[in-house]
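# Secondary and tertiary structure notes
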Amino acid sequence: MLPGIPSPLRALAGALALGLGAVCFSAPSRPARTFDLQHVKWKVQFEARTATVVGDVVNTIRPLKNGLTQVRLDAGPMEIQRVEANWQATTYKRVGESIIVRLRKPAQTKDLVHVRVVYRARPTAGVYFVPDVRAFPSTTGMIYTQGEMEDTRYWLPTYDYPDDKATSEGTLIVPTSWKTISNGKLLDAAEAGGQKTWRWKIDQPHATYLISFVAGRYAEIPEAWEGIPVVSYVPPNLLEEGKPDFLGTADMVAFFSRLTGFRYPFAKFAQTVVADFPFGGMENISAVTNTLDTVHPSSSEPWEDSEGLILHELAHQWFGDTVTCSDWPHVWINEGFASFLPSFFVREKHGQVQYDVSRHDTFEGAIETCFGNPREMVAKKYDLAIDVFDGHAYAGGAARLFMLMAKVGEAKFWKGIEDYLNEWKFKNTDTDIFFAAMQKSTGEDLQSFKKQWFYQVNNPRVKASLSGTKLVLEQPEAFAWDLETFFVDSGTLVKTPIREKRTEIDLPSGVSGPFLVDPYSKEMVRVEYPADWTADRWLSVWLRSPGISAKLRLIPILAGKLDAATQDRWIKDEALPELVSRMVGAAQQVSTGLLLELANHPDPFVRRAAIDRLGGRTADAGVVEKLTEVFEKDAAEPMRSSALNGLLNSKDAAAFAEKAWATPSFRMSFRTRALQHWTAKDPEKARAIAIAEVTTPTNEAIRRQAIDTLGSVKDLPGEDRVLGLLMKVARERSFGPKSAAINALGNYGSKAAIPVLEEAAKVSLHYVRRGAQAALAKLQK
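Please read all numbers here as calculations on a predicted model, not as lab measurements.

## Section: the overall build of the chain
Each helix and strand in the chain was counted, giving 27 helices and 29 strands. At 28 Å, the chain has a C-alpha radius of gyration in line with the 28 Å of a compact globule built from 781 residues. The buried share among the 781 residues of the chain stands at 60%. Entry remark: accessible area of the chain is about 29700 Å², with carbon and sulfur atoms responsible for 50%. For the chain, the distance from the average position of its 93 positive side-chain charges to the average position of its 94 negative side-chain charges is 5 Å.

## Overview of the pattern of salt bridges
Enumeration according to the criterion identifies 49 salt bridges in this entry. As a salt-bridge pair, Asp-163 and Arg-33 come within 3.9 Å of each other at their nearest N and O atoms. With a gap of 130 residues between them, Asp-163 in the loop between strand S10 (142-145) and strand S11 (166-175) and Arg-33 in the loop between helix H1 (12-18) and strand S1 (35-47) connect regions that are remote in the sequence. Its salt-bridge partner being Glu-700, residue Arg-134 comes within 3.4 Å of it at the nearest N-O pair. Residue Arg-134 is found in the loop between strand S9 (127-130) and S10, and its partner Glu-700 is found in helix H23 (residues 700-713); the two are separated by 566 residues along the sequence. Assessed through its relative accessible area of 10%, Glu-700 is described here as buried.

## A few points about the pairing of strand S20 (residues 287-291)
In terms of burial, S20 is largely enclosed, as five of its five residues are buried. Here five bridges tie strand S18 (residues 269-274) to S20, and the two strands are oriented parallel to one another. In the strand pairing of S20, Val-273 is matched with Asn-290. Where strand S19 (residues 281-282) and S20 come together, two bridges link them in antiparallel fashion. When the sheet's bridge partners are listed, Gly-281 is paired in S20 with Asn-290. In this antiparallel pair of consecutive strands, S19 and S20, the connection spans four residues, and Ser-286 shows a positive phi of 65°.

## Digging into the sheet that holds strand S5 (residues 88-89)
Here eight strands make up an open sheet; going across it, the order is S5-S4-S8-S2-S1-S11-S14-S13 and the pairing mixed. Here the strands that pair on one side only, and so sit at the sheet edges, are S5 and strand S13 (185-192).

## A closer look at the side chain of Arg-703
Residue placement: Arg-703 occurs in helix H23. Only 2.8 Å separates the side chain of Arg-703 from the side chain of Glu-700, close enough to count as a polar contact.

## A word on unusual backbone geometry
Cis geometry is found at the peptide bond from Phe-136 to Pro-137, where omega equals 5°. With respect to the helices, strands and loops of the structure, Pro-137 is situated in the loop between S9 and S10. Following Glu-301, the chain continues to Pro-302 via a peptide bond in cis, the omega torsion being 5°. Counting through the fold element by element, Pro-302 comes out in the loop between S20 and helix H4 (307-315).

## Some words on the sheet that holds strand S3 (residues 68-74)
Strand pairing in a sheet is mediated by backbone hydrogen bonds. Such pairs are either parallel or antiparallel. Here we have three strands laid out as an open sheet, ordered S3-S7-S6, and antiparallel in their pairing. Taken across any chain shown, the strands that pair with only one partner, and hence form the sheet edges, are S3 and strand S6 (92-94). The average undirected angle you get between the axes of adjacent strands in this sheet is 25°. Where S6 lies against strand S7 (residues 98-107), three bridges are found, and the strand directions are antiparallel. Opposite Lys-93, over in S7, you have Ile-100 as the bridge partner.

## Some thoughts on the nonpolar core
In this structure, Trp-328 and Phe-340 are the most contacted members of the largest nonpolar core, which totals 261 residues. Of the residues forming this core, the biggest block, 11 residues, is contributed by helix H8 (residues 392-408). Contact partners of Trp-328, with chain neighbours within four places excluded, come to Glu-148, Met-149, Glu-150, Tyr-161, Pro-162, Tyr-209, Tyr-382, Ala-385, Val-388 and Phe-389.

## Details of the confidence of the model for the chain
Per-residue confidence for the chain averages 95 on the pLDDT scale, and 97% of its residues sit at or above 70. In the model, residues 5-26 has pLDDT below 50 throughout and makes 71 contacts with residues more than four positions away in sequence or in other chains.

## A closer look at the environment of Met-403
Along the chain, Met-403 turns up in helix H8. Measuring from C-alpha to C-alpha, the distance between Met-403 and Trp-453 comes to 9.9 Å, with 50 residues separating the pair along the chain. Beyond its immediate sequence surroundings of up to four residues, Met-403 is in contact with Phe-363, Phe-449, Trp-453, Lys-522, Glu-523 and Met-524.

## Looking at the packing of aromatic side chains
One pass over the structure, following the stated rule, counts 53 aromatic pairs. Here Phe-340 and Phe-413 contribute two aromatic rings whose centre-to-centre distance is 5.6 Å and whose plane-to-plane angle is 75°, an arrangement assigned as edge-to-face. Of the two residues, Phe-340 is situated in helix H5 (residues 332-340) and Phe-413 in helix H9 (residues 410-424); the sequence distance between them amounts to 73 residues. According to the relative accessible area criterion, Phe-413 is buried, its value standing at 0%. Cation over ring: Arg-30 sits above Tyr-159, and NZ or CZ is 5.0 Å from the ring centre. The positively charged end of Lys-427 is found above the aromatic ring belonging to Trp-424, 5.5 Å away from the centroid.

## Digging into the packing of H8 against helix H11 (residues 447-454)
At their nearest, the axes of H8 and H11 sit 12 Å apart, and the two run at 160° to each other. Classed by the angle they form, the pair H8 and H11 counts as roughly antiparallel. For the crossing formed where H8 meets H11, the hand is right-handed. On H11, the residues that touch Arg-400, Met-403, Leu-404 and Lys-407 of H8 are Phe-449, Trp-453 and Phe-454. When grouped by side-chain class, the residues that make up the contact of H8 with H11 number five nonpolar, no polar and two charged.

## Some points on helix H6 (residues 342-350)
Turn by turn, an α-helix covers 3.6 residues, leaving residues three or four places apart pointing in a common direction. Those residues of H6 that sit buried are Pro-342, Ser-343, Phe-344, Phe-345 and Val-346. Of the residues flanking the end of H6, it is Gly-351, one or two places downstream, whose phi is positive at about 105°.

## Some remarks on helix H24 (residues 721-730)
Burial within H24 is extensive, with seven of its 10 residues counted as buried. Among all positions of H24, only Val-722, Leu-723, Leu-725, Leu-726, Met-727, Val-729 and Ala-730 are buried.

## Overview of the environment of Arg-673
Its place among the elements puts Arg-673 in helix H21 (residues 669-681). The spacing of Arg-673 and Ala-657 is 16 residues in sequence and 8.0 Å in space, taken between C-alpha atoms. Apart from residues lying up to four places away in sequence, Arg-673 is in contact with Leu-644, Asn-645 and Leu-648. Reaching out from Arg-673, the side chain makes a polar contact with the side chain of Asn-645 at a distance of 2.7 Å.

## Quick look at the packing of helix H3 (residues 249-260) against H6
Between H3 and H6, the shortest axis-to-axis distance is 11 Å and the interhelical angle comes to 110°. Classified by the interaxial angle, the pair formed by H3 and H6 is roughly perpendicular. Contact with H3, carried on its side by Asp-251, Met-252, Phe-255, Phe-256, Arg-258 and Leu-259, involves Pro-342, Phe-344, Phe-345 and Glu-348 of H6 and no other residues of that element. Residues of the contact of H3 with H6, tallied by class, amount to seven nonpolar, no polar and three charged.

## Focus on the environment of Glu-368
By the element assignment, Glu-368 lies in helix H7 (residues 352-372). Accessibility expressed as a relative area gives 45% for Glu-368, which makes it partly exposed. At 2.7 Å, the side chain of Glu-368 and the side chain of Arg-526 are in polar contact.

Definitions and cut-offs
- Residues numbered from 1 in each chain as written.
- Predicted model: local features only at pLDDT ≥ 70, side-chain atom pairs only at ≥ 80, totals over all residues.
- Heavy atoms only, no water.
- Helix = DSSP H or I, 4+ residues; strand = E, 2+ residues; numbered from the N terminus.
- Rg over C-alpha atoms; globule rule 2.2 N^0.38 Å.
- Buried < 20%, exposed > 50% of the residue type's maximum accessible area, 1.4 Å probe, protein only.
- Areas by Shrake-Rupley, 256 points an atom, 1.4 Å probe, with all protein chains shown as cover.
- Lys, Arg positive; Asp, Glu negative; His and termini not counted.
- Charge placed at Lys NZ, Arg CZ, Asp CG, Glu CD.
- Salt bridge = Lys/Arg side-chain N within 4 Å of Asp/Glu carboxyl O.
- Pairing = 2+ DSSP bridges.
- Polar contact = N/O pair within 3.5 Å; in protein donor to acceptor, adjacent residues only side chain to side chain.
- Axes fitted to C-alpha atoms, helices over the stretch in contact; angles between N-to-C directions.
- Core = buried A, V, L, I, M, F, W, Y, C linked by side-chain atoms within 4.5 Å.
- Contact = heavy atoms within 4.5 Å.
- pLDDT = per-residue confidence, 0-100.
- Phe/Tyr/Trp six-rings, centres within 6.5 Å; stacked < 30°, edge-to-face > 60°.
- Lys NZ or Arg CZ within 6 Å of the ring centre and 35° of its normal.
- Parallel < 35°, antiparallel > 145°, perpendicular 65-115°, else oblique.
- Left-handed = near helix turned anticlockwise from the far one by under 90°.
- Nonpolar A, V, L, I, M, F, W, Y, C, P; charged D, E, K, R; others polar.

This is the structure in structure tokens:
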């Protein structure tokens with residue numbers, strides 16, 4: 001799963017690092033498992049007008065001990081119409097978000113027990129109904145599931161925790177014009193009575209949070225790999241945009257099969273896009289669900305790029321789906337690997353430089369997470385499962401895998417991965433199981449590495465200095481490292497084992513001067529260098545650095561130390577656009593003249609970085625002229641958006657806002673940016689537009705921005721129209737608009753919203769619930 005909207009390729013690892021902020025409380029308790037789930041056979045149809053799921057499920061279980069008298073199934077708020085045990089009616093009782101089903105006679109470990117539940121549900125999590133009018137830029141709506149972490153229970157009574165696996169079979173009854181996409185192989189699709197019944201079955205055991213479906217009007221983008229269908233599904237009106245996004249996925253399936261040594265194991269690989277999705281993507285087994293926001297015109301590339309999202313969710317088919325963490329504190333096994341594997345496709349397709357950039361961003365994200373949200377990788381405490389889906393699990397897990405690979409060697413590492421996948425396929429694993437498998441395969445002792453990086457809070461800082469002929473490395477705790485230090489004048493690489501808080505190393509004869517610690521970015525480390533190093537010394541380090549990995553770490557240092565003239569020369573002398581774009585973004589004193597020159601650079605990322613920086617210099621007529629040219633003539637919406645951001649800082653901002661409002665675009669980014677501008681500069685105008693857009697929406701993109709606006713501009717004295725609109729939207733069954741309205745009510749500040757927010761604080765979806773709790777806290781102060 002990716003927690004946000006996909007980022008361009010170069011920022012993939014950094015985006016993965018963002019994760020979701022953890023909130024640590026006592027870990028949630030759960031009753032001990034009493035059975036092994038064997039198979040889940042489910043059937044659903046829908047009442048779209050009331051957002052109702054009508055379902056029938058049979059859970060087949062085997063007792064773990066003799067004498068089982070009751071079966072506990074996870075089940076959220078729903079109307080239970082009938083319960084059967086082994087095909088005979090029985091009784092049940094509800095306990096919180098579960099039902100306890102009485103067995104008619106005690107079951108033994110040799111028995112298979114079939115528990116059937118017939119039900120109706122109007123879920124506020126787990127299943128999402130998006131009508132046509134809310135599916136922008138699609139013109140057709142959809143119904144879809146999102147089960148991770150523990151939301152399957154809201155539409156399907158079953159065992160809803162990751163530590164058990166079962167096969168499953170799903171039946172969906174939908175209008176004949178619809179398609180369905182679910183897990184495994186399509187058994188058949190038959191029309192009768194104006195409806196179509198689709199049957200899907202997957203034979204490989206899997207966690208129930210991966211059971212999924214998407215239903216709606218979809219067009220197919222077909223591919224195949226070695227006889228396995230690889231099919232992408234997009235709304236029909238977005239087929240041409242979808243093709244460049246998703247074609248080539250079959251090559252990714254082939255690559256990961258080669259890389260891991262474990263052939264893609266399922267009957268198909270499908271990926272679908274849906275609107276109003278709470279996440280960027282979700283790795284549902286053999287049937288990935290992605291946000292509709294990943295679809296974009298080809299003119300928006302490379303700034304918008306689906307490759308990173310596709311790679312992440314595809315990697316989960318091996319890590320997360322084939323092998324699955326047994327408990328959420330070990331979720332790095334899912335998310336860390338899915339954040340790690342894409343870098344190797346990047347290396348294969350785009351080359352070593354892009355791979356080094358991806359690896360650097362992964363390490364930086366992991367380091368920032370250690371400092372910003374210190375905890376053990378395998379969390380001891382958390383409130384909700386979503387709390388451990390943070391930067392530790394994503395970039396933190398991936399960075400540690402890079403370090404593990406460096407420790408054992410790449411060939412041995414991938415052989416260990418192949419052995420691990422073959423031994424633990426379709427089973428649950430955890431951190432200890434993974435390291436035991438890798439230790440067995442590689443022959444390396446990995447216990448200290450495991451303990452240090454997965455079961456301890458990490459503070460990966462090293463202070464480096466020279467004392468005479470000694471290199472001195474200091475750290476806040478006695479941490480075990482094998483760090484390399486590169487002395488730039490002589491080109492000498494010194495490998496330093498560190499085990500204490502202070503380590504002194506005698507240098508080889510003739511070795512001295514400026515140096516770089518971990519020059520090839522092999523470790524998750526933040527280095528503090530001597531404070532008295534001059535700008536000239538830092539520039540000499542840059543010029544003699546051994547490669548892009550070192551320079552990526554040096555950019556923020558030099559950006560703050562070089563004077564204006566030197567910064568311009570520093571940027572102009574660099575040949576790699578991967579570095580130049582970041583140098584432009586970081587440099588504190590880059591000249592306007594150079595930025596205008598770079599705004600015509602052949603590399604698109606350099607051009608956009610320059611346009612972004614020029615946006616703060618609109619007192620210069622030449623800058624306004626250039627930004628106007630880009631906004632009016634560039635073919636790419638991302639470039640035009642960057643130019644518009646700058647123009648809305650100019651003296652003619654009012655005119656540019658009007659022009660932006662009159663300019664449609666694929667994502668409606670110009671119109672939403674104009675409304676943001678008026679919210680800050682002309683609240684009365686913004687209020688009138690926002691009221692109109694929420695009352696009679698032009699499209700969902702502008703409506704969403706209008707909701708945000710209303711929370712800021714509020715009502716005129718003596719009026720409550722804005723308040724009423726926000727409370728109405730806060731009662732919707734949507735995700736994005738509802739969440740925006742809840743946040744807006746918190747900003748609005750009226751206690752009249754408390755009853756609405758109290759309702760929202762009880763819904764099943766944790767994002768909405770926590771948002772409502774936060775808004776209530778604001779109002780109740």
